[in-house]
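Residue strings, one per chain:
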Amino acid sequence: MQPTQAHVSLFSPLLLLLSVLSFSAACNKALCASDVSKCLIQELCQCRPSDGNCSCCKECMLCLGTLWEECCDCVGMCNPKNYSDTPATSKSTVEELYRPIPSLFRALTEGEAPINMMVVSFPVAEELSYHENLVSFLETMEDQHQNISLPGNSIHASYDNSQDNMCTVVYFDDCVSIRQCKQYCESMGGSKYRWFHNACCECIGPECVDYGSKAVKCMNCLF
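Residues numbered from 1 in each chain as written. Predicted model: local features only at pLDDT ≥ 70, side-chain atom pairs only at ≥ 80, totals over all residues. Heavy atoms only, no water.

Undergrad: Honestly, the state of the cysteines in this entry has me stumped. Any pointers?
TA: In a disulfide, the sulfur atoms of two cysteines are held together by a covalent bond. Counted according to the given criterion, the structure contains 11 disulfides. Between cysteine 54 and cysteine 57 runs a disulfide, and the two sulfur atoms are separated by 1.8 Å. Here the S-S torsion is close to -115 degrees, and the disulfide linking cysteine 54 with cysteine 57 is therefore left-handed. The class for cysteine 54 is partly exposed, based on a relative accessible area of 46%. The partner cysteine of cysteine 185 in its disulfide is cysteine 203, sulfur to sulfur 1.9 Å. Disulfide cysteine 185-cysteine 203: torsion about the S-S bond near -85 degrees, hence left-handed. In this pair, cysteine 185 is assigned in helix α8 (residues 178-187) and cysteine 203 in strand β5 (residues 201-204), connecting sequence segments 18 residues apart. You can call cysteine 185 buried: its relative accessible area is 0%. (Disulfide = S-S within 2.5 Å. Buried < 20%, exposed > 50% of the residue type's maximum accessible area, 1.4 Å probe, protein only. Helix = DSSP H or I, 4+ residues; strand = E, 2+ residues; numbered from the N terminus.)

This is the structure in structure tokens:
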């Protein structure tokens, strides 16, 4: 029996996906496989910029969306990343959530942690230590260059009043996309989220003053 044309047209992008993911050693397969498969099936990432053909570059970027930076090498659209120099766990994206629900977040993180997640609490003073060092450095720069404006003055001012407060965050065990991370943290009533570039997701509670912890603690997503 001969395969139908529909089967052949679907099979070709899947073969391309397998070959791309196999030969791109730096590709973050856990994070990118689903979205890369979708874009390849739609034949939106078939051109090769390295060969001077960028006819599909914009369409491919729009298809990958927020995952473009992490996944463009999986479809051969950009140079492979050198994770030995800057590991994904050392980089993260943070964002404040529009309508946090503090009471919901506290209720979900009290007592025994729900399945597939880890609840971690630590002093706010520890959370702010990096920010405090950054502000001190910028203040030194400001003395030398009067036109520099300092970010986060409200955080800086509240540092002394936060010594005894605790910051509570939630880590999900498994790797998730940045969109899933935002959705999960919104559904928990979180105030902010931090998405590490290895696909580890951290939801940040209402008592946290800055952006939680910079440590990656997702049980199944540490590398």
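After presenting the structure, the write-up continues.
Undergrad: Please clarify how the packing of aromatic side chains should be interpreted in this entry.
TA: For any two aromatic rings, the description comes down to two numbers: the centre-to-centre distance and the angle of the planes. A complete count under the given rule lists 1 aromatic pair for this structure. A centroid spacing of 5.2 Å and a plane angle of 55 degrees characterise the contact between phenylalanine 172 and tyrosine 184, whose relative ring orientation is tilted. On the criterion of sequence distance, the pair formed by phenylalanine 172 in strand β3 (residues 166-172) and tyrosine 184 in helix α8 is long-range, its members being 12 residues apart. Here the guanidinium or amino end of lysine 192 rests over the ring plane of tyrosine 211, the centre of that ring lying 4.7 Å away. (Phe/Tyr/Trp six-rings, centres within 6.5 Å; stacked < 30°, edge-to-face > 60°. Lys NZ or Arg CZ within 6 Å of the ring centre and 35° of its normal.)

Undergrad: Would you take a moment to explain the side chain of histidine 197 for this structure?
TA: Relative to the helices and strands, histidine 197 is located in the loop between β4 (192-196) and β5. Within the structure, histidine 197 has its side chain in polar contact with the side chain of glutamate 70 (distance 3.2 Å). (Polar contact = N/O pair within 3.5 Å; in protein donor to acceptor, adjacent residues only side chain to side chain.)

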